[in-house]
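In case you want the letters, here they are:
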Amino acid sequence: MCECCLKHGNVSPACEVHHKRRILSGKTEEDRYELLTDEDNLISLCYRCHDAIHNKMHKYNMDYCDELTDKEYEETYKYIKRVWMYNKTIHCMYPFCMH
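Participant: How should I be thinking about the side chain of Lys 20 in this particular structure?
Facilitator: In this structure, Lys 20 sits in the loop between β1 (16-19) and α2 (29-37). No salt bridge is formed by the buried Lys 20; the nearest opposite charge belongs to Asp 66, separated by 4.8 Å. Among the polar contacts made by the side chain of Lys 20, one reaches the main-chain carbonyl oxygen of Asp 40 at a distance of 2.9 Å.

Written as structure tokens, this is what we have:
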């Protein structure tokens, strides 16, 4: 399940894994390997939340992000609802994800 959606009271399958701290933020190769493999640095997300978190990290030049604020999530969810209402279903880009 998407951990971000669950925090906001929704249920959505997690299709992706997000590294909370950017791997490239490690100063040495050992630091980057640790960030890559550390389970505490991972969070399960649906692709919509994953995209939203990466957009937030890029917009604010962040090295760490593990959640969306209520306002950020609501903006993402509003878009999802518009798409759903238009298409009657949301198609995940990954065939193994069932929506």
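Participant: Would you mind going over unusual backbone geometry with me for this structure?
Facilitator: Excluding glycine, residues mostly have negative phi values, and the peptide bonds linking residues are mostly trans. Backbone geometry places Asn 61, a non-glycine residue, at a positive phi of 50 degrees. Summarising the element assignment, Asn 61 is placed in the loop between α3 (47-59) and α4 (70-87).

Participant: Can you help me understand the environment of Cys 49 in this one?
Facilitator: Structurally, the position occupied by Cys 49 is in helix α3. When the C-alpha atoms of Cys 49 and Tyr 73 are compared, they prove to be 7.8 Å apart, with 24 residues separating the residues in sequence. Not counting chain neighbours up to four residues away, the residues in contact with Cys 49 comprise Cys 2, Cys 4, Cys 5, Leu 68 and Tyr 73.

Participant: Help me out: how do you make sense of a negative patch on the surface in this one?
Facilitator: A grouping of Glu 29, Glu 30, Asp 31 and Glu 34 is seen on the molecular surface, where their side chains present a negatively charged patch. When you line up the elements, Glu 29 lands in helix α2.

Participant: In this structure, what is going on with the pattern of salt bridges? I would like to understand it.
Facilitator: Between side chains of opposite charge, pairing is possible as soon as their charged atoms come close. Evaluated as defined, the whole model comprises 3 salt bridges. A salt bridge links Arg 22 to Asp 63; its shortest N-O distance comes to 3.2 Å. Of this pair, Arg 22 sits in the loop between β1 and α2 while Asp 63 sits in the loop between α3 and α4, placing them 41 residues apart in sequence. Between Lys 56 and Glu 72 there is a salt bridge; the shortest N-O distance is 3.1 Å. Within this pair, whereas Lys 56 is found in helix α3, its partner Glu 72 is found in helix α4, the two being separated by 16 residues in sequence.

Participant: I keep staring at the packing of aromatic side chains and nothing clicks. Help me out?
Facilitator: Throughout the structure, instances matching the rule amount to 0 aromatic pairs. Across the ring face of Tyr 47, the terminal group of Arg 48 is positioned such that the distance to the ring centre comes to 5.3 Å.

Participant: Where do I start with the nonpolar core in this structure?
Facilitator: Across soluble globular proteins, nonpolar side chains have a tendency to be buried as a group. Formed by 13 residues in total, the largest nonpolar core has its most connected members in Cys 2, Cys 4, Leu 45 and Cys 49. Within the residue set of this core, elements represented by two or more residues are α1 (3-7), β2 (42-45) and α3. Of the residues forming this core, the biggest block, 4 residues, is contributed by α3. Sequence-distant contacts of Cys 4, defined by excluding residues within four places in its chain, comprise Leu 45, Cys 49, Leu 68 and Tyr 73.

Calculation rules
- Residues numbered from 1 in each chain as written.
- Predicted model: local features only at pLDDT ≥ 70, side-chain atom pairs only at ≥ 80, totals over all residues.
- Heavy atoms only, no water.
- Helix = DSSP H or I, 4+ residues; strand = E, 2+ residues; numbered from the N terminus.
- Buried < 20%, exposed > 50% of the residue type's maximum accessible area, 1.4 Å probe, protein only.
- Lys, Arg positive; Asp, Glu negative; His and termini not counted.
- Salt bridge = Lys/Arg side-chain N within 4 Å of Asp/Glu carboxyl O.
- Polar contact = N/O pair within 3.5 Å; in protein donor to acceptor, adjacent residues only side chain to side chain.
- Contact = heavy atoms within 4.5 Å.
- Patch = residues over 30% accessible without salt bridge, like charges linked within 9 Å, V, L, I, M, F, W, Y side chains within 5 Å.
- Areas by Shrake-Rupley, 256 points an atom, 1.4 Å probe, with all protein chains shown as cover.
- Charge placed at Lys NZ, Arg CZ, Asp CG, Glu CD.
- Phe/Tyr/Trp six-rings, centres within 6.5 Å; stacked < 30°, edge-to-face > 60°.
- Lys NZ or Arg CZ within 6 Å of the ring centre and 35° of its normal.
- Core = buried A, V, L, I, M, F, W, Y, C linked by side-chain atoms within 4.5 Å.

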